[in-house]
Amino acid sequence: MGDDSEWMKLPVDQKCEHKLWKARLSGYEEALKIFQKIKDEKSPEWSKFLGLIKKFVTDSNAVVQLKGLEASLVYVENAHVAGKTTGEVVSGVVSKVFNQPKAKAKELGIEICLMYIEIEKGEAVQEELLKGLDNKNPKIIVACIETLRKALSEFGSKIILLKPIIKVLPKLFESREKAVRDEAKLIAVEIYRWIRDTLRPPLQNINSVQLKELEEEWVKLPTGVPKPSRFLRSQQELEAKLEQQQSAGGDAEGGGDDGDEVPQIDAYELLEAVEILSKLPKDFYDKIEAKKWQERKEALEAVEVLVKKPKLEAGDYADLVKALKKVVGKDTNVMLVALAAKCLTGLAIGLRKKFGQYAGHVVPTILEKFKEKKPQVVQALQEAIDAIFLTTTLQNISEDVLAVMDNKNPTIKQQTSLFIARSFRHCTASTLPKSLLKPFCAALLKHISDSAPEVRDAAFEALGTALKVVGEKAVNPFLADVDKLKLDKIKECSEKVELVHGKKVGLAADKKEFKPTPGRTATSGAAGDKDTKDCSAPKPGPLKKAPATKASGPPKKGKPTAPGGTGSTGTKNKKGLDTKEIVEPELSIEVCEEKASAVLPSTCIQLLDSSNWKERLASMEEFQKAVELMDRTEMPCQALVRMLAKKPGWKETNFQVMQMKLHVVAVIAQKGNFSKTSAQIVLDGLVDKIGDVKCGSNAKEAMTALAEACMLPWTAEQVMSMAFSQKNPKNQSETLNWLSNAIKEFGFSGLNVKAFISNVKTALAATNPAVRTSAITLLGVMYLYVGPSLRMFFEDEKPALLSQIDAEFEKMQGQSPPAPTRGISKHTTSGTDEGEEGDEPDEGGNDVVDLLPRTEISDKITSELVSKIGDKNWKIRKEGLDEVAGIINEAKFIQPNIGELPTALKGRLNDSNKILVQQTLTILQQLAVAMGPNIKQYVKNLGIPVITVLGDSKNNVRAAALATVNAWAEQTGMKEWLEGEDLSEELKKENPFLRQELLGWLAEKLPTLRSTPTDLILCVPHLYSCLEDRNGDVRKKAQDALPFFMMHLGYEKMAKATGKLKPTSKDQVLAMLEKAKANMPAKPAAPTKATSKPPGGSAPTKFQSAPAPEDSVSSSVEPKPDPKKAKALGVSSKAKSAQGKKVPSKANLKEDEDKSGPIFIVVPNGKEQRVKDEKGLKVLKWNFTTPRDEYIEQLKTQMSSCMAKWLQDEMFHSDFQHHNKALAVMVDHLESEKEGVIGCLDLILKWLTLRFFDTNTSVLMKTLEYLKLLFTLLSEEEYHLTENEASSFIPYLILKVGEPKDVIRKDVRAILNRMCLVYPASKMFPFIMEGTKSKNSKQRAECLEELGCLVESYGMNVCQPTPGKALKEIAIHIGDRDNAVRNAALNTIVTVYNVHGDQVFKLIGNLSEKDMSMLEERIKRSAKRPSAAPIKQVEEKPQRTQNVSSNANMLRKGPSEDMSSKLNQARSMSGHSEAAQMVRREFQLDLDEIENDNGTVRCEMPELVQHKLDDIFEPVLIPEPKIRAVSPHFDDMHSNTASTINFIISQVASGDINTSIQALTQIDEVLRQEDKAEAMSGHIDQFLIATFMQLRLIYNTHMADEKLEKDEIIKLYSCIIGNMISLFQIESLAREASTGVLKDLMHGLITLMLDSRIEDLEEGQQVIRSVNLLVVKVLEKSDQTNILSALLVLLQDSLLATASSPKFSELVMKCLWRMVRLLPDTINSINLDRILLDIHIFMKVFPKEKLKQCKSEFPIRTLKTLLHTLCKLKGPKILDHLTMIDNKNESELEAHLCRMMKHTMDQTGSKSDKETEKGASRIDEKSSKAKVNDFLAEIFKKIGSKENTKEGLAELYEYKKKYSDADIEPFLKNSSQFFQSYVERGLRVIEMEREGKGRIPTSTGISPQMEVTCVPTPTSTVSSLSNTNGEELGPSVYLERLKILRQRCGLDNTKQDDRPPLTSLLSKPAVPTVASSTDMLHSKLSQLRESREQHQHSDLDSNQTHSSGTMTTSSSSTANIDDLKKDWRE
C-alpha cells in the first residue's frame, strides 16, 4: 500500500501518465469527473489534458483503456480545444482500439470518431480511417469501414466525402476476409442510399456475383431522399428546426431538399480520367485526310472507341477537334459526318468544361451541317451540339448561333431553333438575362412568320421554352408586336415544356446513360468544372484538408484567405467563422415563405406582389423595419431574400420600390448570417440593376454588403461572370466600376487574377466605350496591387488600347494601395492564429506575379535545342537562340526549372560571333523578367559570366551586358552577386573595360544597399590596384567607387587592407581614402519593418487585419521618441511619412527603396567640380535657344550622382504628369533637405529651365510655384546664387515673362523680385536688359517695367554697364510700335528722373522730337501725382496694418496687384508679423509704394541731394567729440520733413555703400540733436527695416564680393551701429520699434556677431564689440513687451530651423536671461497677456517632451526661469493674464503656472525674501555686522553712480583709514577687474592728492581689463557687492556702467539721468580681449585718448555726438555682449 499512498497524492494529470495501471485508472476516473463538471467549453482546464488524450485511448491495459475512452469521449464532446487532438487520437483509436476483442472498446472508439466529425473535424477523421483500411489486421479494416458507414448514415454525404471511399470500394470487395467483404457490401448499400445510380459506374468491374447481390440490396432501399440524422455543431440549430417541421407537417420539404441533394455527387467525378491523345493511331492525321473514305472511316472509328471513355484527361485536343470539324464540315460521305459528330459528342462528354475552349470553332460548322436531311446524321449532330452546349455557356456561342439563324436553308433554321429551345431548357432566369434573350427573341420572331411550318414550330417551341424559363414579364416586352394567335401558340408550347433544372433529371430520354447531370450548369452557367467536387459536396470550408490552411474562402479557387487575411488555420476552432458562409442548403420556396412569415408582418408578405406600387412600397418599408429590428441569429436570410426575389422580384418596375428592395438586401447581408446560397438568389438581380440610373447606387451598396458577407473573391467572380454573360453594356461598365472600388475597400487578398484578366480582356474588346474605360480603370486598380507584371497580359492588345492602359498605369505609379477598410471585421471575429501570421506574407508577399500562373518550359528545352545552340554553324546556333527567345516570349512567366538551358546559354556568352553574344544577353534579360526572383539560383553559373562580358572590346556588347546585369539584379537583389569570390575574381582580371564597367556598376548599386555580405572585402585589394591602373578611366571609376565601398566596410577595414601594398602605393591610396572618407554618403535608411509591402504594392495579407498599413509606420516608429534611434534611422519626420506611403520589399528593393530616403544626395564639392568642368570645357555650357538632346543627357548624367534614381526617372520621363509628380516631391522635400537643395541648386535650376520649354501649362505653373518657394528658402538661408547658376537660369526665366497668360507673367515677376534677395540687382540688370531685345512685345514691356522697379528700389547704381548706356538702351523703346512697350519705357525713365533729376536728359542723349515730347509730357504728369497718390491709395486699399516681417526685405517694387499680394503673403508667412501702430502715410516705409507702383513718381527729389551735402563726407574721420552744427540745409528742408526722411531712409538700404553711408550720416545728424530727433518719430520701424536690410545686404552680398574693399564694409558697419546706438539712446523713439521689426533686427545683429568672416578682419573684433553694446541698448531701451515677444519668437524660430546654428539660439537665450534680470524693474510696463500668449505658442510648438530632446538643456531652463520670475513678481495674479489664449484648459502653460504657484507658496518666506532684490540681510546675521555691510554698500553705490563717484571714493578712503582692519575684499572680489582697478586707482589718486603728490596719469593705452561681461552665463551665480546679503543683480548695473563708459569716451549721456543708481557690479571677471585700434575711418586714436583723459574724473557731462561715419569707439565703450560671446565659445 505504500506505493499506493505515493501516487494518490499526485495531481490528476500526473496520475494519468503514471506507470502503475491503478494510478492511471484512478487518474482517468477523476479526469472523467472533472470533464463532466466543467461547464465552459473554453475553460483553461481543458488545455491541461491536450497532450494526454492520445494516451487515454492507447493505454496498454484493456480495463484502464476503457475508462480512458469514456473520458476521451466526454473530452471531445465538451472541450473547445479538442479539435487539435483529432489526428493523433483517431489514429490511436484505429491502431489500438479497433483491434481490441471487447465490443465496448470498439463502440467507444467509433463514438469518439463520430464525435470528432461532429465538432467539424470530418476530414481529419476520414483520412485516418482511410489509412486504417490499409492495415493488415482485418479487424481494424472492418471497424474502419463500419465507422465510415455509421458516419455516412448519420451525417450524410455532405459531410463525409464519398469519392475517396468509392475509390477504395473495389479493393475492399476483393479482400480475402469475408468480414471485410460483408462490411464493404454494407457501406456500398449505404452509399447507394445517398447517391443512387451514380455509384454504378465505379463498381462496374467488381465480381458479378457481388454486383448482383448489391443490386438486390439496392432495390430494397426506400426511394425517399435520405436525411442526415446527426448534425455538425454549427448546424445544430438547423437540426432543431427540422425536427419541428417534421413534427408539424411531415415531409413538407422533400421537393426543396431534392433540389439540394441530388447533384451532390456526379458519377463523372468518381471516374478516373483516361489519357487518349497518345493512344491515337500514329497515322491518324494522315488517314483522316486520305482520299479513300474507308481509310478515313478507320481513323474515325479508332477515335470513337477512345472517346467512349466517360472521363478524359485534359490535354491539347485542338488538332483532333480541327480534324473532326473538317470531316463534319467538308466530308461528302454522310456516314463519316455522323461518325465524326459522335466522336465530338464523346469528346465533349468526356472533357466537359475543358472542351469549352473548342466549342466556338465547332458550333457554326455543326449548325450549318444541319442541311443534311438523313435522320441518323441529324441525330448525331443534335447529340453533338447538345453535348457541346453543356461544355460552354449560351453567352459564349450566342453570336455563332445567331449568325446561322439568318441562313436561308429551312432545315438549318429549324434545327437551330430546336437547339436554342433545348439550350433554353438548361438555363435559369439568371443565366438567360435580358441582354441574351433580346437577340434570340428577335431572331426567333422572324422565324415564327417563316413560310416553312417546321421552322415556325421550332421557333414557337424555342420561344415557349424561353417564356417558361424566365417568365412572361421578361419575355413580353419582346413579344409586343406578336398577334394573339401566335402568342397563344407560344404559351401553349411553354406549358408543354419540361425544364431540366426544375426537375434535375437526366438530359432527355434519348440521352445516353452517362450524360452529365446538367443541374450544375443550370445553377451557374459560368461556374465551371474547375472544381466540381466543391459544387458537388459543398461542405464547410475548414473540413477540406488541403485547402483548410488557406481559409474557409470560396472553394472554387484553392487560394483565397478569409478577407481579413488572418491566417485561418485557426479556423478549426472558430465555429462562428466558417459556418456562416457555408451550411445553408437551398430551401424550397414553401419553406422560405413559412420562415419569412414567422418573422415578417403578414400584411407585408401579402402586399409584396400587389399590383399597386404604393402598396408594394409600404410593404417594403415594413419589411425594412422588421429586418432592422431582427436579431442576427434569428434572421432567416435565405427566406427573406427569396421573398424579395418573388414575383415581381427584380423585374420591379417602380424605382422607389426597387431602391428600397436593394437597400433591404444590403441590410440583410450586413445584419444576418448571410450565406452564398442566399447571395446566389439575389446577385443576378443586383447585376441586372447595377447599370440602372436610379437604382444603381443601391445595387452597388447591396453588392458591397454581399461581398462583406460572402467575401470579395467569391462575390467578384460571380458578379463578373453574370455581368459578362449578358449584353447590357451599362451593367458591365458599372460592375467593373464597382469592382474597382471594392478592391480598394477590401484589399486584393485572395482574388483570382487570371479569371479577372480574361473578363477584363472581354471588356476591353467591348464595342461600348464606357465598358472599355471601366475595364481600364479596373486594370489601374489591379496594377496598384499586382505591379508592372500585369501589363504582360495585355501586350497583344491593339496599340491604341495599350497606350490607354499604359497611361492608366502611369497614373498609378508611385501610389501605394489603400489600406483595406472592409471585409475585416466580420470574418475575423475570433482573433488571429499567431502561427499563421508569420508565414502569411509569403503567400501574398513574395511577388504578386506569383498569383499569375508560371509555365513549365523545361519540356520544351529539348536535347535537340541544346545541341542546336551549341552547333558549329553560327546560323544554326542563331536558330536555337531564336527558338529559346520564342519559348520564353510565349510563356510570359516561367517556372525556375529550365533544364540544360543555363549551360547552353553560358557557352554562347563567349561566342566568337558578337551578334549571338548580344542575342544571348537579350535572352538572359527576358529570362530574368520571366522567371522573377527565382532567377537567384542561376546568378553564379549565368550571372557572373555576363559580368565577364563587360570586358568585351565592343561598346554595344558591353552596354547589352550591363543592361542584362541590371535586369538580373532587379530581380535578385545584390546579395547573391556580392557573396563569394566570383566578383572579386572578375575585378582581378586586368581588363580595363571590365574593370571600369564593373566598378561603375558597383558604384551605382552599393549606395542603395543597407548591408552587404562580408565577402565585399575581397574586392578591396583589386580596387586598390585599379586606383593605380594604367588606364585613366579605370582609375577614375575606382576613385568614384571608393566612398561606396567605405560606406559598407568602414574606413578602418579599408585602411587596414592597404597593409599589403608597396609603400609608395600605400601612401597614395591612404590619401585617396582620406578624401573618400569626406565624401562618404550615409547608408540608406532602413524602412520600418511594419510597412514592408510586396513589390507591386499589394499589402501583404497579414496587414489587412490591421486597419491601415500606412499608419503602421507611425505606430512603429513614433512611440519611441528616442533621439538616438531617430538618428539611426536617419529619416526626418517628413521622410518617415514618405516611407509610410511606399516601402519596399525584397523583390524590387531597388525600385522602391530610394523613395523612403532623401531625394538629394549631398556630394561634397560636387557643385564646384561641375563649375570647373564647365569652365574647362569638359561639358557643354548651358546655353541654347531650344534644348537639344545632348544637353538633356548631360544634365541626366550630372544628376545621377546627387539625386535619387526614382526621382530622376520621374524628372526625365516623356510624360508631363511625371514632371508634375517630380515637382510635387521636390516641394515636399524642400524644407527637409535644404542642404541637398543648395548642393544641387545648379542642376535643379537647369532642369527647371528645360520645363520652360514644355508646352504644358500645368507643369509650367507647378515649376513657377516651386521656384517661388525655392527662392524664398534661399533668401531665408541667406544663400547667394553663383554666376554659373544665374547665367544658366535667369535668361530662360526672362523668356517666360513674355507669356500670354497673365498668371504666368505675374509669377515670373514675383520670382524675379525674390531673386534680387539672392543675387545682386546690379547683376540682374544686364540679363533683364537683354530681355528687352526680344521679338515678343509683352516680354519687352515686362522687362522694361522690371528695370524701372530695379532703379526705383536700388538707385542708379543698378544700371549696368553705366547709367548712360543703360538709359540710352531703354530710351530706344520710347519709339516702339507697341503701346505697352512705349509706356513701360517712358515709366522707367520717369522713375530714373525721380531718383536722378534733370541729369536724366544728359544720360539719355539725343532723342527724336516726338519721343522727347512724349517723355517731357509724362514727366510733367508724374510730377503732379504724388500729392494725390496717398489718398487714392487709401481708397484703393482698406488700410493695411504694416506687417513687416523678415520678408520685408523685398525692398523692390513689382507691378501693383502682383507684389501687394505677394508681400502680404510673405509677411503673413513669417507668422509673427506685428501690427505696428498705424503710421501716417508719408511717414511709412515705402513698402506700399513698392507694391502699388505703376512706374510713376512718388515724391519729389529733395533738394538736399543736389546741394553741397557731399563735402560733409569727404574726409570721413572720427571727429573730435564735440557738438557739430546741424547741416544748414536740414532746416530748409524741414518744411517737407516727412517725405525727405522717407527718401533718406529708403537710401539707407541702397546697394551702393556710399549712398547708404551718406543717408546714415544725415539721419545720425538728426538723431544727435534733441530738438530734431523728434522728426524721426513715426519712421522708426521704417528706418530699422532699411537698416537690417542693409545688414543683410552686407552679410549676403558685400562680404561675398571679393572686389569690395573690406574697409568700406567696416566703415558702413560702423555707421549703422553708431546710428543705432544713437537711436536707442532716445527712449521715446526706441519704444516705437514693433515686435516684428525688433525680431528681424535682433536676428540681423546676432547673425552679425556670429559672422566668422568679420572676426577675421583687422577691425572685426571692434565691430563685434560695438554690436554687443548695441544689443544691450536695444534690450534695455525698446518697448519691453515688444522686445520680449520678439526674442521669444526668435528663439522659437531658431530652434525650429534646422539650418540655424546652436550658437544663434544660445545668444537669443542670453538676451532673454538679460531681459529676465530686467523684469523686476520693468514688470509693470509689460503687457503680460501678450507675453504669456507668446509663451503659450512657444510651448505649443515645443511641448516639454520636445524641448527635453534638444541637444542643450538651456531652452527649457530659459523658459522655466522666465516663467518662474514672472510668477515670483506677479504672484497668483499672473493667472489673470491668460486672456489672449483661446482655450486655456488645453494650454500646457496654465498647468505649468499653477504648479509653479503652488511650489512658490510652499517655499518659506525667508527664502523668497532672499530672492527679492530688496531682501537685504539674512536673519541669522548679527545686526552689527549688518550695519557695517550696509555702510560699505552705501559707499560702493556712490562710487558706482556717475555723480557721486568722487564722493564715494573719498568716503571709502576715510573708512579705510578709520578701520584699517576693515575687509573690503568681499565687495571687490566678485566685481570686474575694471571696477577693482578703478577703485584702487581712485584711492591712490586721493591718497596722492591728500598727501600733495598730485595725480598719477592714466595709462594712455586702454587696458584690457577694462572690459566687462555684460550678461553672465546662466550657471554663474550672480552676487551683489555686499557678499553677504544675497541681493540679486539689478538691471541698472549695466545701464549705469554704460554711462560711465560713455562718459569716459566723451559721449552723450543727457537722456539717461533719470536711471536708478548702480546697485552692484558683475559677477565674473571678463575674459580679457585684445582691444583693436579704431583708426579704420582714418582718424587718430591719440585725439580720443586725450579727450578721454580730460574727462576721466571730471563731472562734466558734455553733450557730444559722433559723426555717422564712426564707430562708438574704443574698447572700453563696448560693455559688452561680445565677451559674453566668448563665454559661450568656452
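Residues numbered from 1 in each chain as written. Predicted model: local features only at pLDDT ≥ 70, side-chain atom pairs only at ≥ 80, totals over all residues. Heavy atoms only, no water.

1. So, the overall build of the chain
Let me state the cut-off plainly: Elements are defined by DSSP. Helices are runs of H or I of four residues or more, strands are runs of E of two residues or more, and each kind is numbered from the N terminus. Each residue is placed in one exposure class: buried if its accessible area under a 1.4 Å probe, protein chains only, is under 20% of its type's maximum, exposed if it is over 50%, and partly exposed if it falls in between. The criterion used for residue contact is that any of the two residues' heavy atoms lie within 4.5 Å. The Shrake-Rupley method, run with a 1.4 Å probe sphere, supplies the accessible areas, and residue values consider only the shown protein chains as cover.
The helix and strand inventory of the chain stands at 105 helices and zero strands. For the chain, buried positions account for 56% of its 2026 residues. Counting contacts in the chain only where the partners sit at least 6 residues apart, residues at least 24 apart contribute 77% of the total. Total accessible area on the chain stands at roughly 85700 Å², and carbon and sulfur atoms take up 52% of it.

2. A closer look at helix α72 (residues 1302–1315)
Keep this limit in mind: What a helix should span is 1.5 Å times the count of its residues minus one.
Taking 1.5 Å as the rise per residue, α72 with 14 residues should run 20 Å; its terminal C-alpha atoms sit 20 Å apart, in good agreement. Most of α72 is tucked away: 11 of the 14 residues are buried. Every buried residue of α72 is accounted for by I1304, R1305, D1307, V1308, R1309, A1310, I1311, L1312, N1313, R1314 and M1315.

3. A look at the packing of aromatic side chains
The relative placement of two aromatic rings is captured by the distance of their centres and the angle of their planes. To keep it simple, the criterion reads: Pairing of aromatic rings covers Phe, Tyr and the six-membered ring of Trp, with a centre-to-centre limit of 6.5 Å; geometry is then stacked below 30 degrees between planes, edge-to-face above 60, and tilted otherwise.
The final tally for this structure, using the stated rule, is 24 aromatic pairs. Pairing F35 with F56 gives two aromatic rings, centres 6.4 Å apart and planes at 25°, and the pair type is stacked. Taken together, the positions of F35 in helix α3 (residues 21–37) and F56 in helix α5 (residues 53–57) put the pair 21 residues apart, joining distant regions of the chain. For F56, a relative accessible area of 0% puts it in the buried group.

4. Details of the environment of A1286
Within the element layout of this structure, A1286 appears in helix α70 (residues 1283–1287). For the pair formed by A1286 and M1315, sequence separation is 29 residues and the distance between their alpha carbons is 9.6 Å. Contacts of A1286, omitting those with residues within four sequence positions, involve L1281, P1291, Y1319 and F1327.

5. A look at the nonpolar core
For clarity, the threshold we go by: Here, the term nonpolar core denotes a set of buried Ala, Val, Leu, Ile, Met, Phe, Trp, Tyr and Cys residues that are joined through side-chain atoms within 4.5 Å.
Counting 104 residues, the largest nonpolar core has M1576 and I1735 as the members making the most contacts within it. Once you skip the residues sitting within four places of it in the chain, I1735 turns out to touch L1688, L1759, L1762, L1763, L1766 and L1789. Grouped together as the second largest cluster of nonpolar side chains are 93 residues, A723, L764, V786 and L802 included.

6. Overview of unusual backbone geometry
Note that the residue after Q1360, namely P1361, is joined by a cis bond; omega there is -5°. Assignment of secondary structure puts P1361 in the loop between α74 (1337–1354) and α75 (1363–1372). The backbone of N1165 sits at a positive phi, close to 60°, despite the residue not being glycine. For N1165, the location among the structural elements is in the loop between α62 (1149–1156) and α63 (1166–1175).

7. Overview of the packing of helix α68 (residues 1241–1252) against helix α69 (residues 1257–1276)
Note the threshold: Angles shown run from 0 to 180 degrees and are taken between the N-to-C directions of axes, each axis being a line fitted to C-alpha atoms and, for helices, limited to the stretch in contact. Should an angle fall under 35 degrees it is called roughly parallel, over 145 degrees roughly antiparallel, and 65 to 115 degrees roughly perpendicular, with every other angle called oblique. Here a crossing is called left-handed whenever its near helix is offset anticlockwise from the far helix by less than a right angle, and right-handed whenever the offset is clockwise. Throughout this entry, Asp, Glu, Lys and Arg are counted as charged residues, while Ala, Val, Leu, Ile, Met, Phe, Trp, Tyr, Cys and Pro are counted as nonpolar. The remaining residues, Gly among them, count as polar.
Two numbers describe how α68 lies on α69: the axes approach to 10 Å, and their chain directions differ by 155°. Here α69 runs roughly antiparallel to α68, going by the angle between their axes. Considering the relative orientation of α68 and α69, their crossing is left-handed. Residues L1241, I1244, L1245, L1248, R1251 and F1252 of α68 touch α69, and the partners they reach there are V1259, L1260, T1263, L1264, Y1266, L1267, L1270, F1271 and L1274. Classifying every residue of the contact of α68 with α69 gives 13 nonpolar, one polar and one charged.

8. Quick word on the packing of helix α23 (residues 410–425) against helix α25 (residues 453–470)
For the pair α23 and α25, interaxial distance at closest approach is 8 Å and the crossing angle is 15°. Here α23 lies roughly parallel to α25, going by the angle between them. Crossing angle aside, the handedness with which α23 passes α25 is left-handed. Note on element contacts: α25 touches α23 through E454, V455, A458, A459, E461, A462, T465, A466 and V469, opposite P410, K413, Q414, S417, L418, I420, A421, F424 and R425. Considered class by class, the residues forming the contact of α23 with α25 number 11 nonpolar, three polar and four charged.

9. Digging into the environment of D182
Residue placement: D182 occurs in helix α11 (residues 178–195). Along the primary structure D182 and Q210 are separated by 28 residues, whereas in three dimensions their C-alpha atoms are 9.9 Å apart.

10. Remarks on the side chain of R296
Short version of the rule: Definition of a polar contact: a pair of N or O atoms within 3.5 Å, with one able to donate and the other able to accept a hydrogen when the atoms are protein atoms, and with sequence-neighbouring residues admitted only if both atoms are side-chain atoms.
Following the sequence through the fold, R296 ends up in helix α17 (residues 293–307). Look at R296 and you get buried, because its relative accessible area is 11%. Here K291 takes part through its backbone oxygen, which lies 3.0 Å from a polar atom of the side chain of R296. Not counting the four nearest positions on each side in its chain, R296 is found in contact with K287, I288, A290, K291, D331 and L336.

11. So, the state of the cysteines
Cut-off, in case you're wondering: Disulfides are defined as cysteine sulfur pairs within 2.5 Å.
What the rule picks out here adds up to zero disulfides. Not engaged in a disulfide, the cysteine C710 finds its nearest cysteine sulfur in C637; these two sulfurs lie 9.4 Å apart.

12. Observations regarding helix α92 (residues 1680–1696)
Here α92 is 17 residues long and its end C-alpha atoms lie 24 Å apart, about the 24 Å a rise of 1.5 Å per residue gives. The opening residue of α92 is D1679, an N-cap whose side-chain oxygen sits 3.0 Å from the backbone nitrogen of T1681.

13. As for the pattern of salt bridges
Filter applied, for reference: By definition, a salt bridge exists where a carboxyl oxygen of Asp or Glu is found within 4 Å of a side-chain nitrogen of Lys or Arg.
Applying the stated criterion across every chain, the model contains 69 salt bridges. Salt-bridge contacts for D1693 lead to K1639; the nearest nitrogen and oxygen are separated by 3.1 Å. Taken together, the positions of D1693 in helix α92 and K1639 in helix α89 (residues 1635–1649) put the pair 54 residues apart, joining distant regions of the chain. Assessed through its relative accessible area of 22%, D1693 is described here as partly exposed. Residue K1639 is classed as buried on the basis of its relative accessible area, which comes to 7%. Among the ionic contacts, a cluster of salt bridges with common partners joins D1302, R1305, R1309, E1342, E1345 and E1346.

14. Thoughts on the confidence of the model for the chain
Test applied: The predictor's confidence in any single residue is recorded as pLDDT, a number from 0 to 100.
Chain-level pLDDT for the chain is 75 on average; 75% of the residues reach the 70-or-more range. Segment residues 825–847 is flagged for pLDDT under 50; beyond a separation of four residues in sequence, or across chains, it makes 47 contacts in the model. Across residues 1088–1154, where pLDDT falls below 50, the model places 138 contacts with residues more than four positions away in sequence or in other chains.

15. A short note on the environment of N752
Position of N752 among the secondary structure elements: in the loop between α41 (729–746) and α42 (753–764). For N752 and P713, which are 39 residues apart along the polypeptide, the C-alpha to C-alpha distance reads 7.0 Å.

16. Section: the side chain of T1635
Tracing the chain through its elements places T1635 in helix α89. Here the side chain of T1635 touches N1682 through a polar contact of 3.2 Å, side chain to side chain.

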